[in-house]
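The primary structure of each chain is shown beneath.
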Amino acid sequence: MAERDVNLELMYSEFDKMYGEGPRPRAYFAPGRVNLIGEHTDYNGGHVFPCALTIGTYGLARKRTDRQIRFYSLNFSRAGMLTSSLDDLTPSAEAGWTNYPKGVVWAFDGRGFKPDTGFDFLIWGNIPSGSGLSSSASLEVLTGTMLRDMYGFDSLTNQDLALIGQYSENNFNGMNCGIMDQFASAMGRKDCAIFLDTNTLEYKYADIRLPDARIVITNSKVKHSLVNSAYNDRRRECEQALADLQKVCDIRSLGDLTEEEFEAHKDAITDEVCRRRAKHAVYENRRTIRAVEALQNQDLEEFGRLLNASHVSLRDDYEVSCPEIDILVDLAWAHPGVLGSRITGGGFGGCTVSIVRNDEVDSFVREIGAAYEKKVGHEAEFYVVDIGDGAHVLADV
Ligand code: GLA
């Protein structure tokens, strides 16, 4: 990937500058994620297929003796040091990015995992901002990893850290996200994607090293406003569709339906928009199951076709794409080296994910880069994906 590499030594020296010298802080990492297929299914009881990236958020932390918690981000150095307290765990506009780690402390506290002292926390991340590659989930999982390690909350599993992260994002930060991003960040495994059933949280790792192709992320470098409110609207529309369907069939979530069952009962959904949202959720879930099968059968062509169909559905039925992303996907579809391409993540900007034949990766980057810039007026960014491990404590360096 073309991302900047972490410089942990620099982080340690910035830590000392910011917080003063003392015992060496502990170091942590939690990755971002890219989702291969299964978009907007995770709050509909469907399947997802994400993987952890090797980019993410790094953190250094040290306990204090009082109850203050202090935060500093090398990415937002202009915001300076932001201070709070274990006795004041409420979200606020002034707290800015620290609402994410504060929310996780609050969620720990609510479950009886109460840190007995405050801490100093310094972070740096290399997930491009606004890219939709889950920088906030990685910060939440990073904070959970740090709290568990420093305060000895050893009974918590990585899956618990994912759930706590999601809980804090829903209830402290007001974004009604599903479990996918935090799960991928906490549970990722090198060279594997995670096939997760969000209804049961059962999961399987699938080796995603492709013999003849690479996974390429293209960052459109646009982020449209109202992302969170549009996301929450989609969620509500799906809930409405589910409530309508439950009057005529015995289901717990949209993920319980096959395409045929959906077609047989869809007229129970009274609102046309809600019907299209539900259609996406049902079909996307089935596509995800088929895509994992295709991968197991080494049928990359079919895997690619399913990715393409996912994009069409996200664009037309779920309406979470945008012109810039559609341009990237159209360009990718027209490229001879591309097996499949679609928008990835929450939508309204951010990134696409494409499966590109090994020997065509260079021409993909060159040609799509040039054509996109010509059409949109600014550059796209390309990352040839390396799939890494989930969140962990870093060995002292
Ligand atoms: C965002 C959310 C996830 C998921 C995706 C769409 O990334 O945080 O929970 O819903 O959008 O698949």
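Residues numbered from 1 in each chain as written. Predicted model: local features only at pLDDT ≥ 70, side-chain atom pairs only at ≥ 80, totals over all residues. Heavy atoms only, no water.

**Brief notes about the overall build of the chain**
Reasoning step 1: Per the secondary structure count, the chain includes eleven helices and 13 strands.
Reasoning step 2: For the chain, whose C-alpha radius of gyration is 21 Å, the value lies close to the compact-globule estimate of 21 Å for 397 residues.
Reasoning step 3: In terms of principal-axis extent, the alpha carbons of the chain reach across some 60 × 50 × 40 Å.
Reasoning step 4: Taken across its 397 residues, the chain has 59% of its residues classed as buried.
Reasoning step 5: The contacts in the chain between residues at least 6 apart in sequence include a share of 73% that link residues at least 24 apart.
Reasoning step 6: Surface summary for the chain: the accessible area is close to 16,300 Å², and the carbon and sulfur share equals 46%.
Reasoning step 7: In the chain, 42 side chains carry a positive charge and 60 a negative one; their mean positions are 2 Å apart. (Helix = DSSP H or I, 4+ residues; strand = E, 2+ residues; numbered from the N terminus. Rg over C-alpha atoms; globule rule 2.2 N^0.38 Å. Buried < 20%, exposed > 50% of the residue type's maximum accessible area, 1.4 Å probe, protein only. Contact = heavy atoms within 4.5 Å. Areas by Shrake-Rupley, 256 points an atom, 1.4 Å probe, with all protein chains shown as cover. Lys, Arg positive; Asp, Glu negative; His and termini not counted. Charge placed at Lys NZ, Arg CZ, Asp CG, Glu CD.)

**As for the layout of surface pockets**
Reasoning step 1: The space that makes up the second largest pocket amounts to roughly 230 Å³.
Reasoning step 2: Taken together, Ala206, Asp207, Arg209, Leu210, Pro211, Asp212, Val292, Leu295, Gln296, Gln298 and Leu300 make up the lining of the second largest pocket.
Reasoning step 3: Of all elements in the fold, only β8 (202-207) and α8 (272-296) reach the threshold of two or more residues within the lining of the second largest pocket.
Reasoning step 4: Here the residues of the lining of the second largest pocket sort into six nonpolar, two polar and three charged. (1 Å grid on protein atoms, 1.4 Å probe; cavity = no way out; pocket = protein on both sides within 12 Å on 5 of 7 lines; lining within 4 Å. Points joined across faces, edges and corners; volume = space filled by probe spheres on them. Nonpolar A, V, L, I, M, F, W, Y, C, P; charged D, E, K, R; others polar.)

**Some words on the sheet that holds strand β6 (residues 119-125)**
Reasoning step 1: In spatial order, the strands read β5-β4-β6-β3-β1-β13; together these six strands make up an open sheet with mixed pairing. Looking at strand neighbours, the two that pair on one side only are β5 (82-85) and β13 (392-394), the edges of this open sheet. When strand polarity is set aside, the average angle formed by the axes of neighbouring strands in this sheet is 30°.
Reasoning step 2: Here three bridges tie strand β1 (residues 26-35) to β13, and the two strands are oriented antiparallel to one another. Bridge pairing in β13 places alanine 27 opposite leucine 394.
Reasoning step 3: On the sheet, helix α2 (residues 99-110) packs against β4 (68-73), β5 and β6 and is oriented at approximately 145° with respect to β4. (Pairing = 2+ DSSP bridges. Axes fitted to C-alpha atoms, helices over the stretch in contact; angles between N-to-C directions.)

**Examining helix α10 (residues 323-334)**
Reasoning step 1: Helix length check: α10, at twelve residues, gives a terminal C-alpha distance of 16 Å against a target of 16 Å (1.5 Å per residue), a fit within 8%.
Reasoning step 2: Among the residues making up α10, those that are buried are Glu324, Ile325, Asp326, Leu328, Val329, Leu331 and Ala332.
Reasoning step 3: Looking at the buried residues of α10, the elements they touch are β9 (213-223), α9 (300-316), β10 (338-344), β11 (349-357) and α11 (361-376). (Expected span 1.5 Å × (residues − 1).)

**As for the packing of aromatic side chains**
Reasoning step 1: Tallied over the full model, the rule gives 19 aromatic pairs.
Reasoning step 2: Centre to centre, the rings of phenylalanine 108 and phenylalanine 113 are 6.3 Å apart; their planes meet at 70°, and the pair counts as edge-to-face.
Reasoning step 3: Residue phenylalanine 108 is classed as buried on the basis of its relative accessible area of 0%.
Reasoning step 4: Under the relative-accessibility criterion, phenylalanine 113 is labelled buried at 18%.
Reasoning step 5: Among the aromatic side chains, those forming a connected cluster through ring pairs are Phe71, Trp97, Phe119 and Phe121.
Reasoning step 6: Here the basic side chain of arginine 111 rests over the ring of tyrosine 167, its NZ or CZ set 5.4 Å away from the ring centre.
Reasoning step 7: In this structure, lysine 279 is placed above the aromatic ring of tyrosine 283, and the distance from its NZ or CZ to the ring centre is 5.3 Å. (Phe/Tyr/Trp six-rings, centres within 6.5 Å; stacked < 30°, edge-to-face > 60°. Lys NZ or Arg CZ within 6 Å of the ring centre and 35° of its normal.)

**Here we look at the nonpolar core**
Most often, soluble globular proteins have nonpolar side chains that are buried together.
Reasoning step 1: Membership of the largest hydrophobic core comes to 39 residues, with the highest contact counts inside it found for Phe108, Phe119, Phe121, Met146, Leu147 and Phe183.
Reasoning step 2: Mapped by element, the contributors of at least two residues to this core are β1, β4, α2, β6, α3 (135-151), α4 (158-171), α5 (180-187) and β7 (192-197).
Reasoning step 3: No other element matches α3, which puts seven residues into this core.
Reasoning step 4: Those residues in contact with leucine 147, other than ones at most four positions away along the chain, are Val104, Val105, Phe108, Pro115, Phe119, Gly152 and Phe153. (Core = buried A, V, L, I, M, F, W, Y, C linked by side-chain atoms within 4.5 Å.)

**Some details on the pattern of salt bridges**
Reasoning step 1: Taken as a whole and judged by the stated rule, the model has 31 salt bridges.
Reasoning step 2: Across the salt bridge formed by arginine 64 and aspartate 66, the nearest N and O atoms sit 2.9 Å from each other.
Reasoning step 3: The partner of arginine 276 in a salt bridge is glutamate 272, and the shortest N-O contact between them spans 2.8 Å. Residue arginine 276 and its partner glutamate 272 are both found in helix α8; the two are separated by four residues, about one turn of the helix.
Reasoning step 4: Several salt bridges converge on common partners, so that one network encompasses Glu237, Glu272, Arg276, Arg277 and Glu319. (Salt bridge = Lys/Arg side-chain N within 4 Å of Asp/Glu carboxyl O.)

**Overview of the environment of leucine 142**
Reasoning step 1: For leucine 142, the location among the structural elements is in helix α3.
Reasoning step 2: Using a relative accessible area of 0% as the deciding quantity, one classes leucine 142 as buried.
Reasoning step 3: Along the primary structure leucine 142 and glycine 165 are separated by 23 residues, whereas in three dimensions their C-alpha atoms are 9.3 Å apart.
Reasoning step 4: Beyond its immediate chain neighbours, meaning those up to four positions away, leucine 142 contacts Tyr28, Phe29, Ala30, Thr57, Tyr58, Gly59, Phe121 and Ile123.

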